[in-house]
Every structure is written in structure tokens, then in C-alpha cells.
Amino acid sequence: MKRTTYAGSVDESYLGKEVVLKGWVQKRRDLGNLIFIDLRDRKGIVQLVFSQEFDADALASADTLRSEYVIEAVGKVVPRADGAVNPDMKTGKIEVEVHQVNILNKAKTPPFYIQDDINASDDLRLKYRYLDLRRPEMQRGLLIRNRITQAVHRYLDSNEFVDIETPYLTKSTPEGARDYLVPSRVYPGHFYALPQSPQLFKQLLMGAGFDRYYQIARCFRDEDLRGDRQPEFTQIDLEMSFMTAKEIQEMTEGLLKAVMKEAVDFELKTPIPRITWNEAMDRFGSDKPDIRFAMELHDMSEAVKDGGFKVFDSVLENGGQVKAIAVPEGAKAYSRKQIDAKQDYIKRFGAKGLAWVKVTEDGLQGPIAKFFKDKTGSIKAAAEAHEGDLILFVADKRKVVADSLGYLRTSIAKEMDMIDKSAFAFIWVVDWPLFEYSEDFERYIAAHHPFTMPNEEDLDLLKTDPHKCHAQSYDIVLNGYELGGGSIRIHRRDIQEQMFKALDFTKEKAEEQFGWFMEALDYGFPPHGGLALGLDRFAMLLAGKDNIREVIAYPKNSKASEPLTNAPSFVSGKQLDELFLKPEIPADAKVNKPEE
RNA sequence: GGUCCUAUGGUGUAGGGGUUUAUCACGCCUGCCUGUCACGCAGGAGAUCGCCGGUUCAAAUCCGGCUAGGACCGCCA
């Protein structure tokens with residue numbers, strides 16, 4: 001029997017017609033000689049009715065049906081009686097009088113309900129991911145993801161972009177994240193690496209003359225996981241020749257506009273606002289500011305200077321900053337205990353403390369208020385605070401101040417419900433530093449990546465004082481998440497060589513690692529640049545989720561394993577022998593995963 | 001590598017040394033029921049309270065270790 005339509009698609013246009021439906025039993029309501037079955041497929045749910053009046057055999061069969069049985073049902077679509085209409089259901093005005101039903105497969109009772117708003121653990125959901133994915137909410141997320149990628153293909157195709165695949169088995173390169181390695185059977189002791197991104201391959205495609213490339217590409221980074229980070233993730237990867245940073249951003253805005261329209265029917269206004277990296281750090285304490293709410297950081301140096309509060313004074317004398325945010329109506333909302341908890345939290349960013357005052361009708365109140373009795377007006381003005389507000393101060397080095405207040409800003413905004421959850425607030429963060437100092441490596445590393453073009457006016461600095469250079473790079477930020485980033489790339493060998501030099505590469509090391517790439521720059525390489533968007537994060541944000549696992553069909557758990565297949569796993573000695581591998585596992589190493 | 005939180009029938013939970021035969025809800029099973037849609041009613045089954053050890057006359061409960069999961073810091077060019 002051929003399915004005539006989806007269960008969830010049956011509507012009044014089918015009235016009087018015979019339909020063949022296939023799907024899962026969502027729910028059985030057995031009233032004796034009258035049985036209702038909610039039949040579910042990916043389009044929704046329709047009510048089946050079984051009665052002797054339609055077919056006695058079908059009624060008998062319906063009695064044996066259980067949740068999640070897979071069935072096919074033949075019946076007539078009829079209107080429901082006046083009192084039996086269910087206004088909460090899309091298909092609530094009709095039902096299907098079944099005169100034939102076949103069980104296609106039985107089902108065990110699932111470990112959790114196949115419905116939205118379950119609170120089963122993530123572990124259980126991942127182990128039975130195929131059941132989790134039956135839930136409409138999960139299907140909705142994957143369908144939004146699908147609409148995004150379909151819109152991307154359409155928009156880019158209509159703008160002359162060429163979809164080209166790049167290798168997954170490629171060369172390990174220094175810098176950046178830890179690589180996933182794949183041993184070579186043919187070359188003992190040699191390894192491929194899974195790509196952290198198609199970066200150099202897409203640049204070479206510019207060298208090849210394709211001038212507009214895109215790929216929805218999987219990327220791999222062997223680092224610890226977070227809610228917005230998986231070891232394998234998907235980028236919408238773009239690269240363009242002969243375009244300025246501004247032109248690339250405009251092309252991206254066109255893409256975002258198309259995606260927002262098609263995926264969630266949101267009218268994105270362009271141009272998207274731009275902010276420099278410096279301004280983002282100063283005003284929001286973050287390089288990925290959430291601009292759905294204000295509560296910006298304010299420099300309090302002048303207002304608190306010479307107040308006699310030693311903590312502030314000594315920080316300022318040592319070239320640090322005193323900055324603050326004013327929490328609207330925060331004086332009542334935050335108890336001393338809650339402020340202390342915030343203080344404990346920001347210590348992880350290096351903050352030594354969190355100073356605060358409450359703005360009341362009698363002036364400032366709080367442990368440090370006594371230092372600023374005659375400065376109430378200037379403090380209120382500097383912090384843009386009003387009566388009833390709570391002013392939170394952090395005094396420290398620039399980065400500590402930014403991290404701490406940036407965190408406080410977003411966490412308090414969430415707690416105080418200051419965020420419009422229906423908003424999609426995009427912003428470009430431009431003019432990034434070219435380098436950042438790594439405490440770990442005790443040297444400068446590329447802030448974006450080593451192929452990023454410095455600002456034209458900084459090209460001389462690259463030779464003399466490279467670490468002051470800013471870059472022609474840009475991030476696109478959505479609701480406080482780094483949605484994507486890109487840059488104009490270096491297309492001249494001399495600049496690329498200077499870049500490696502600034503990164504403390506010896507000439508030999510640069511040649512060994514990237515000689516193959518730099519040689520390409522010698523053969524008429526066009527100016528070019530591009531950008532990559534994180535598809536998982538994009539889908540997460542458009543689906544209104546707070547974890548990218550919710551929009552990935554088969555994600556890893558937070559310990560980088562996959563409970564469904566139980567990957568990673570041990571392999572046979574034969575497999576290891578073929579690859580010339582011999583694991584040496586320290587006695588204290590954790591080697592077993594659950595259920596091994 | 002570090003910090004914090006969690007672990008009790010299939011699922012989610014209550015219980016924080018002995019009034020426990022471990023609470024409740026949903027689910028599951030059996031029976032009844034012709035207008036349900038969170039169907040209803042009656043009955044029933046289902047848990048060695050994550051694992052190991054310690055304290056104690058007595059441990060689901062207190063302590064230690066381990067394991068697993070989650071969040072965060074580091075890490076993520």
C-alpha cells in the first residue's frame with residue numbers, strides 16, 4: 001500500500017477521501033469498543049478512530065497497539081462532531097475512521113517519552129538518539145538547519161559561487177588547535193591530520209582562479225568541548241578574490257539576509273552595524289558583544305581618582321583601569337550575598353575583587369561608599385547610573401576588567417531578564433589586533449590566523465613593531481556568540497614571510513611547514529579574502545537553543561565520546577599492526593569508557 | 001590540568017542515621033468502559049538507593065576513594 005499523505009498533513013481538503021497513512025503510535029486512548037490512536041509522522045499528528053461501526057478487525061488490532069508501534073492505516077477522513085473538535089491540534093477538526101490497520105513493527109516501551117519538554121538526561125538522550133530525534137522539537141531544529149543550508153546553496157549559487165570540496169585527510173600544521181591525526185598505512189610513522197578548517201585549500205582555489213568559492217565543510221579540532229563547541233563542527237566556508245573587506249562583508253550580509261528570511265522568516269536590516277575590536281572591548285568587555293541590551297562598561301578612572309580608596313588608586317597608578325557597569329534597579333535585586341557570589345565567580349578571570357555601591361535617595365551606599373561621599377554626582381554621571389541602580393566596579397589590568405565586567409554584564413542581564421529573546425542582534429567586530437600574546441607559549445601568536453593581512457597603514461609596522469599591527473579581519477557576532485569570522489588574506493610572499501618571522505618561525509621552519517603554500521603566492525596570486533560561519537551555532541541560535549548538540553543529529557557528549565556507538569573505542573591488534581602503532585598507556589591513565 | 005554540581009523502580013523525583021515493607025507522578029501490565037485527546041475507573045508488577053571501602057549496634061542517609069554525567073576556567077590560530 002502506498003502512503004497517500006503525511007499524518008500531519010491531513011486537513012479538511014481530504015474530507016470524504018480515503019487515505020493511507022504510515023507512522024508511529026503516539027498515544028492510544030482505549031474506551032472499550034471505541035479506540036483513538038494518535039498517529040505521528042514528521043509532519044505532525046492525526047487522530048485515528050477505531051470502532052465496530054467501521055471495522056471490527058481493525059478495532060481488535062487497535063486493541064493490541066502500543067506506543068511507538070509502526071503502523072499503516074487505511075481510512076476515511078471525516079469531520080469531527082461539534083463537541084469533539086480539538087482546537088489545540090492542527091488536525092483537530094478532522095479524524096480518520098480506520099477500516100484497515102497493519103502493524104509494520106512492534107516497539108519496546110521507550111526509555112523516555114517521545115514528546116517535547118522531556119527532562120531526560122543528555123546521556124540517555126544521546127544513547128537513544130534515534131528516539132530523541134523522533135521528538136518534534138528535535139526535528140524542528142534539524143529542519144531549521146536544513147533550511148539554512150538550502151538557503152546558503154541557493155544564495156551563493158545565484159552569486160556565482162562555486163561549491164568545491166577539499167580534503168579531509170590532509171597535513172598537520174603548527175599553530176591553532178590540536179589536530180586529530182590519522183595514521184598512514186602506506187607510510188609507517190606518518191600521519192594525516194583532519195582539517196581544522198579548509199583555510200589554505202580555499203586560498204589556493206583563489207590562486208586557481210575560481211574567484212568565488214564556498215563549501216559547507218566539516219572541521220575538526222581536538223580541544224575540550226563546550227555548549228557551543230564540538231570536536232567536529234560545520235562551517236559555511238567562503239572565499240572571494242578581488243574584493244575588499246567591506247565588499248566581503250556586504251556579500252555576507254546578503255547571505256545572512258537570505259538565510260534569516262528563509263530559515264526563520266526574519267527581516268534582517270542591513271547594513272549590519274560595525275564596531276572596532278577596541279570599542280567592543282571598551283564598551284562591552286567582550287570581543288563578541290551581545291547588543292540585545294545596553295548596560296555598557298564605563299570608565300570610572302576620573303570619577304574615583306583620589307577618593308582615598310587604595311585599591312582603585314594603586315591600580316590607576318600602575319596603569320590599570322577602573323571600570324563599572326550600572327545595573328538598572330539592581331540595588332534591590334542584588335543582596336550582598338549574591339554580589340559576593342559574583343565576586344567569587346569573576347576571580348576565575350583574574351579579578352581580585354568586586355567593589356560595589358548602591359545608588360539610593362540618600363546617596364551611595366555600601367562598604368566603599370565612604371570614600372566617595374563628595375563624588376556621588378560624578379560617579380553617577382560616569383556610570384550613567386540612576387537612583388535604585390547597583391554599580392559594580394572592577395579595577396585591574398585591561399583584560400581582567402574586560403573579562404570580569406563582560407561576564408557580569410551578560411550574566412546579570414540574563415538573571416534580570418533584560419534580554420529580548422525574540423531578537424537577532426548581529427554586529428560586525430572589525431579591526432582586530434593581528435597578534436595576541438600567549439602566556440602558554442611565551443610568544444605572540446596570530447589572533448586570527450597567520451594568513452591574515454595587516455591593515456595597509458600597518459605594513460611598515462609589521463617589520464619594526466609587528467605586535468602593534470591591526471588586521472583586516474572581522475567577526476560576525478549574533479546575540480553574543482561568535483557566528484563567524486574572516487579576513488583579507490596575505491597574497492604576497494614577502495608579507496607572508498614577515499608574518500612568519502613575527503611569529504618567531506625560523507626561515508627553515510616556515511619553509512618546511514608552509515613552503516608549498518608560499519610557493520603558490522609566487523605564481524600570480526590574486527588579492528582575496530573570505531569568511532567562515534559556524535553552521536551549528538547559527539542553527540542553534542535560530543532554533544532558540546543554548547547548546548549546539550540540539551541541532552546536531554549525532555553529537556559527542558561533553559567528554560567527547562558518543563554514547564550511541566560508544567566511540568571512540570579500542571581497535572584490534574591487527575589494525576594497530578597494519579598502522580605500525582603500539583599504544584603505550586601509562587598505568588594511571590583512564591583507559592575504559594562506560595560499558596566496556 | 002583545575003573548580004563546582006549531580007547520581008534513588010523504565011523516566012522524573014521525595015526522603016539527609018532506626019517509625020521505610022523507600023515517597024509521589026508519569027509510564028508499564030491486567031480488567032471494565034462508544035467521543036477521547038494529560039481519557040476515566042479498579043487492580044497489579046517493577047529499586048539489591050552508581051561502585052568500593054570506612055565510621056556506627058544500625059548507612060539510601062555521615063566520611064573517603066572511584067566511576068559516570070553536567071556546567072565552568074584553562075584550551076579552542
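Residues numbered from 1 in each chain as written. Chains lettered and ligands numbered in written order. Predicted model: local features only at pLDDT ≥ 70, side-chain atom pairs only at ≥ 80, totals over all residues. Heavy atoms only, no water.

- You'll find chain A entered in an unreviewed UniProt entry as Aspartate--tRNA(Asp/Asn) ligase, with Ligilactobacillus acidipiscis DSM 15836 given as the organism.
- What UniProt states about chain A under its Subcellular location (unreviewed entry) heading is, verbatim, "Cytoplasm".
- Word for word, the UniProt comment on chain A under Function (unreviewed entry) is "Aspartyl-tRNA synthetase with relaxed tRNA specificity since it is able to aspartylate not only its cognate tRNA(Asp) but also tRNA(Asn). Reaction proceeds in two steps: L-aspartate is first activated by ATP to form Asp-AMP and then transferred to the acceptor end of tRNA(Asp/Asn)." (UniProt positions renumbered as here; feature names shortened; annotations may be inferred.)

1. Topic: the UniProt feature "binding site: L-aspartate" (unreviewed entry) in chain A
Moving on, step 1. UniProt's feature table lists "binding site: L-aspartate" (unreviewed entry) at Glu-175, Arg-221, His-448 and Arg-489, given in the numbering used throughout.
Moving on, step 2. The topology assignment puts Glu-175 in the loop between strand E6 (162-163) and strand E7 (181-183).
Moving on, step 3. Every residue in contact with Glu-175, bar those within four places of it in the chain, is listed here: Gln-196, Arg-443, Ala-446, Pro-450, Leu-503 and Phe-505.
Moving on, step 4. By secondary structure assignment, the location of Arg-489 is in the loop between strand E21 (481-488) and helix H15 (493-502).
Moving on, step 5. Residue Arg-489 is classed as buried on the basis of its relative accessible area, which comes to 1%.
Moving on, step 6. Here Glu-239 takes part through its side chain, which lies 2.8 Å from a polar atom of the side chain of Arg-489. (Helix = DSSP H or I, 4+ residues; strand = E, 2+ residues; numbered from the N terminus. Contact = heavy atoms within 4.5 Å. Buried < 20%, exposed > 50% of the residue type's maximum accessible area, 1.4 Å probe, protein only. Polar contact = N/O pair within 3.5 Å; in protein donor to acceptor, adjacent residues only side chain to side chain.)

2. Digging into helix H6 (residues 245-264)
Every α-helix winds through 3.6 residues per turn, so residues three or four apart in the chain are directed the same way.
Moving on, step 1. Its 20 residues place the ends of H6 27 Å apart at the C-alpha level, agreeing with the 28 Å of an ideal helix rising 1.5 Å per residue.
Moving on, step 2. Taken together, the buried positions of H6 are Ala-245, Ile-248, Gln-249, Met-251, Thr-252, Glu-253, Leu-255, Leu-256, Ala-258, Val-259, Met-260 and Ala-263. (Expected span 1.5 Å × (residues − 1).)

3. Description of the protein's contact with RNA strand B
Moving on, step 1. Taken together, the neighbourhood of RNA strand B is formed by 51 residues, with Asp-30, Tyr-113, Arg-348, His-448 and Ser-558 sitting nearest.
Moving on, step 2. For RNA strand B, the fraction of protein-proximal atoms (within 4 Å) that sit in sugar or phosphate groups is 56%.
Moving on, step 3. Within the side chain of Tyr-113, a nitrogen or oxygen atom sits 2.4 Å from a base oxygen of RNA strand B.
Moving on, step 4. Within the side chain of Tyr-345, one N or O atom sits 2.9 Å away from a sugar or linking oxygen of RNA strand B.
Moving on, step 5. Those elements that provide at least two residues to the surface near RNA strand B are strand E1 (18-30), strand E2 (34-41), strand E3 (44-51), helix H2 (122-127) and strand E19 (443-446).
Moving on, step 6. No other element matches E1, which puts three residues into the surface near RNA strand B. (Near = heavy atom within 4 Å.)

4. Regarding the environment of Leu-143
Moving on, step 1. Tracing the sequence through the fold places Leu-143 in helix H4 (residues 136-158).
Moving on, step 2. Taking the relative accessible area as the measure of exposure, Leu-143 reaches 36% and is therefore partly exposed.
Moving on, step 3. Along the backbone, Leu-143 and Leu-579 are 436 residues apart, and their C-alpha atoms lie at a distance of 40 Å.

5. Structural notes on the pattern of salt bridges
Moving on, step 1. Going through the model one piece at a time under the given rule, you end up with 43 salt bridges.
Moving on, step 2. A salt bridge links Asp-38 to Arg-29, with the nearest nitrogen and oxygen atoms 3.0 Å apart.
Moving on, step 3. Asp-38 sits in the buried class, given a relative accessible area of 10%.
Moving on, step 4. Judged by its relative accessible area of 31%, Arg-29 falls in the partly exposed class.
Moving on, step 5. For the salt bridge of Asp-122 with Arg-549, the shortest nitrogen-to-oxygen distance reads 2.7 Å. Here Asp-122, found in helix H2, pairs with Arg-549, found in the loop between helix H17 (535-542) and helix H18 (573-578); they are 427 residues apart in sequence, far enough to count as distant.
Moving on, step 6. Residue Asp-122 is classed as partly exposed on the basis of its relative accessible area, which comes to 33%.
Moving on, step 7. Where salt bridges share partners, they join Asp-122, Arg-125, Arg-129, Asp-132, Arg-135, Arg-549 and Glu-550 into one cluster. (Salt bridge = Lys/Arg side-chain N within 4 Å of Asp/Glu carboxyl O.)

6. Thoughts on a positive patch on the surface
Moving on, step 1. On the surface, Arg-3, Arg-42, Lys-43 and Lys-90 cluster together into a patch of positive charge.
Moving on, step 2. Take Lys-90: it is sitting in the loop between strand E4 (70-79) and strand E5 (94-105).
Moving on, step 3. Its relative accessible area of 69% is what places Lys-90 among the exposed residues. (Patch = residues over 30% accessible without salt bridge, like charges linked within 9 Å, V, L, I, M, F, W, Y side chains within 5 Å. Areas by Shrake-Rupley, 256 points an atom, 1.4 Å probe, with all protein chains shown as cover. Lys, Arg positive; Asp, Glu negative; His and termini not counted. Charge placed at Lys NZ, Arg CZ, Asp CG, Glu CD.)

7. Regarding the nonpolar core
Moving on, step 1. The biggest cluster of nonpolar side chains holds 72 residues, and the ones touching the most others in it are Ile-148, Leu-256, Val-259, Phe-426, Phe-538 and Leu-542.
Moving on, step 2. For this core, the leading source of residues is H6, giving nine residues.
Moving on, step 3. Sequence-distant contacts of Ile-148, defined by excluding residues within four places in its chain, comprise Ile-236, Val-259, Ala-263, Leu-535, Phe-538, Ala-539 and Leu-542. (Core = buried A, V, L, I, M, F, W, Y, C linked by side-chain atoms within 4.5 Å.)

8. Observations regarding the packing of aromatic side chains
What describes a pair of aromatic rings is the distance from one ring centre to the other and the angle between the planes of the rings.
Moving on, step 1. On inspection of all chains with the given rule, the structure shows 23 aromatic pairs.
Moving on, step 2. Within the aromatic cluster, the residues linked to one another by ring pairs are Phe-451, Phe-500, Phe-505, Phe-514, Trp-516, Phe-517 and Phe-525.
Moving on, step 3. Taking NZ or CZ as reference, Lys-17 lies 5.9 Å from the ring centre of Tyr-14, over its face. (Phe/Tyr/Trp six-rings, centres within 6.5 Å; stacked < 30°, edge-to-face > 60°. Lys NZ or Arg CZ within 6 Å of the ring centre and 35° of its normal.)

9. Let's talk about the packing of helix H5 (residues 199-207) against helix H16 (residues 507-521)
What describes two packed helices is the angle between their axes and the distance between those same axes.
Moving on, step 1. Direction vectors running N to C along H5 and H16 enclose 20 degrees, while the axes themselves pass 10 Å from each other. With respect to their mutual orientation, H5 and H16 come out roughly parallel. When you trace H5 past H16, the crossing you get is left-handed. Contacts between H5 and H16 involve Leu-200, Gln-203 and Leu-204 from the former and Phe-514, Trp-516, Phe-517 and Ala-520 from the latter.
Moving on, step 2. Residues that form the contact of H5 with H16 fall into these classes: six nonpolar, one polar and no charged. (Axes fitted to C-alpha atoms, helices over the stretch in contact; angles between N-to-C directions. Parallel < 35°, antiparallel > 145°, perpendicular 65-115°, else oblique. Left-handed = near helix turned anticlockwise from the far one by under 90°. Nonpolar A, V, L, I, M, F, W, Y, C, P; charged D, E, K, R; others polar.)

10. Some details on the UniProt feature "site: Important for tRNA non-discrimination" (unreviewed entry) in chain A
Moving on, step 1. The positions UniProt marks with the feature "site: Important for tRNA non-discrimination" (unreviewed entry) are Gly-83.
Moving on, step 2. Its place among the elements puts Gly-83 in the loop between E4 and E5.

11. With respect to the pairing of strand E10 (residues 232-241)
Moving on, step 1. Across the 10 residues that make up E10, a large majority, nine, are buried.
Moving on, step 2. As paired strands, strand E9 (residues 212-220) and E10 are joined by nine bridges and run antiparallel to one another. What sits directly across from Arg-212, in E10, is Met-240.
Moving on, step 3. As defined by bridge partners, E10 adjoins strand E22 (residues 528-534) across seven bridges and the pair is classed as antiparallel. Following the sheet pairing, Leu-238 is matched in E22 by Leu-531. (Pairing = 2+ DSSP bridges.)

12. Some details on the sheet that holds strand E14 (residues 355-360)
Moving on, step 1. The five strands are arranged E12-E13-E16-E14-E15 in an open sheet whose pairing can be described as antiparallel. Pairing within the sheet leaves two strands with one partner each, and these edge strands are strand E12 (298-299) and strand E15 (363-365).
Moving on, step 2. Bridge count for strand E13 (residues 321-327) against strand E16 (residues 390-396) is seven bridges, and the pairing is antiparallel. The residue bridging Val-322 from the neighbouring strand is Ala-395, located in E16.

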